[in-house]
Amino acid sequence: MDEIVQAALNKWPDVPHCYAWLALDARGVWRMRDERAQALGLPGDKIRNATLLGFINRNYQGDEQGRWYFQNGPQRVYVDLEATPYICHTVTQTQKPAKGIALVLHTEQPLHSVTEVFLSADGKLILRAADCLAQLDDRDLATCLNALQLDGKPAQDEDILRWMEAGSGSNPSDTAPAILSIQLATPQPQRLTVQHGELSQLMAAGAYVARPRADE
């Protein structure tokens, strides 16, 4: 949290919270939702000012009830989440050869210490790290799918589809389940097994609130 924000909190500790005016979409874009956007259920206008984006990113955090907010000076501005509290993107690596997929959060912080990776039935890749649940921007999905291995060999599209169908129960098999994995380029490169998992289930497991409201 910025020092100026903490100072404002100390000076004005009882400013009412704000709800429904700020949103984070599934591509990691911050959106301002005015009264018209709220009334019509629109996503809101993209915030493009670099200084404001940096300020929001530095002062973004979650509370003890699983609600996420931007601390705007003395006021807590709660965030509507289209997907997970964080969105991650792939980044180009400079080292040769590459040691896996490198990821960065929408707040411009590297995504390290990933403990679990999930692939949903509708093709969402979701990663869990310490105090962090991040869905991959769909525009980066192809890069990650190309890096997947099935039982230690490069996974083809049809292999991944069969793996997803097996997890959904639509294509049961008596054979041992195939192991899908991905290598991430963290300070200590790690290969993680990909698990079946749905966004709603993972959000509920983390007790994250997608639409914080004052009366909840």
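The notes below deal with the structure included here.

What counts and what doesn't
- Residues numbered from 1 in each chain as written.
- Predicted model: local features only at pLDDT ≥ 70, side-chain atom pairs only at ≥ 80, totals over all residues.
- Heavy atoms only, no water.
- Helix = DSSP H or I, 4+ residues; strand = E, 2+ residues; numbered from the N terminus.
- Buried < 20%, exposed > 50% of the residue type's maximum accessible area, 1.4 Å probe, protein only.
- Contact = heavy atoms within 4.5 Å.
- Areas by Shrake-Rupley, 256 points an atom, 1.4 Å probe, with all protein chains shown as cover.
- Lys, Arg positive; Asp, Glu negative; His and termini not counted.
- Charge placed at Lys NZ, Arg CZ, Asp CG, Glu CD.
- Pairing = 2+ DSSP bridges.
- Axes fitted to C-alpha atoms, helices over the stretch in contact; angles between N-to-C directions.
- Polar contact = N/O pair within 3.5 Å; in protein donor to acceptor, adjacent residues only side chain to side chain.
- Phe/Tyr/Trp six-rings, centres within 6.5 Å; stacked < 30°, edge-to-face > 60°.
- Lys NZ or Arg CZ within 6 Å of the ring centre and 35° of its normal.

**Considerations on the overall build of the chain**
Scanning the chain from terminus to terminus reveals six helices and 15 strands. With the C-alpha coordinates of the chain rotated into their principal frame, the extents come out at 60 × 40 × 30 Å. Split into buried and exposed, the 216 residues of the chain put 44% on the buried side. Long-range pairs, those at least 24 residues apart, make up 57% of the contacts in the chain between residues at least 6 apart in sequence. Total accessible area on the chain stands at roughly 12,000 Å², and carbon and sulfur atoms take up 51% of it. In the chain, the 20 positive side-chain charges and the 27 negative ones have mean positions that sit 5 Å from each other.

**Notes on the sheet that holds strand β15 (residues 190-196)**
The mixed open sheet is built from nine strands, whose spatial order is β8-β7-β11-β10-β9-β15-β14-β12-β13. At either margin of the open sheet sits one strand with a lone partner, and together these are β8 (102-105) and β13 (153-154). Note: strand β7 (residues 86-91) against strand β11 (residues 132-136), three bridges, orientation parallel. Directly across from Tyr-86, in β11, lies its bridge partner Ala-134.

**Things to note about the sheet that holds strand β5 (residues 68-72)**
Within the open sheet, the six strands sit side by side as β3-β2-β1-β6-β5-β4. Their pairing is mixed. Looking along the sheet, the strands with just one partner apiece sit at the ends: β3 (45-46) and β4 (60-62). Pairing geometry for β5 and strand β6 (residues 75-81), over four bridges, is antiparallel. If you follow Asn-72 over to β6, its bridge partner there is Gln-75. Docked against the sheet, helix α3 (residues 50-58) engages β2 (30-32), β4 and β5, running at close to 120° with respect to β5.

**Some words on α3**
Those residues of α3 not exposed but buried are Gly-54, Phe-55, Ile-56 and Asn-57. Two to three positions downstream of the cap, the backbone nitrogen of Thr-51 sits 3.1 Å from a side-chain oxygen, assigning the N-cap of α3 to Asn-49.

**Comments concerning the environment of Val-77**
With respect to the helices and strands, Val-77 occurs in strand β6. We classify Val-77 as buried; its relative accessible area is 8%. For the pair Val-77 and Leu-22, spaced 55 residues apart in sequence, the C-alpha to C-alpha distance is 7.1 Å. Excluding residues within four positions of it along the chain, Val-77 makes contact with Cys-18, Leu-22, Trp-68, Tyr-69, Phe-70 and Asn-72.

**Side note on the packing of aromatic side chains**
Counted under the stated rule, the structure contains eight aromatic pairs. Plain terms: the ring middles of Trp-30 and Tyr-60 are 5.0 Å apart, the flat faces sit at 80° to each other, and that makes the pair edge-to-face. Of the two residues, Trp-30 sits in strand β2 while Tyr-60 sits in strand β4, which places them 30 residues apart along the sequence. Here the two residues Trp-30 and Tyr-60 agree in accessibility, since each one is buried. Linked through ring pairs, Trp-30, Tyr-60, Trp-68, Tyr-86 and Tyr-208 together constitute an aromatic cluster. Directly above the aromatic system of Tyr-69 lies the positively charged group of Arg-76, at a separation of 4.0 Å from the ring centroid.

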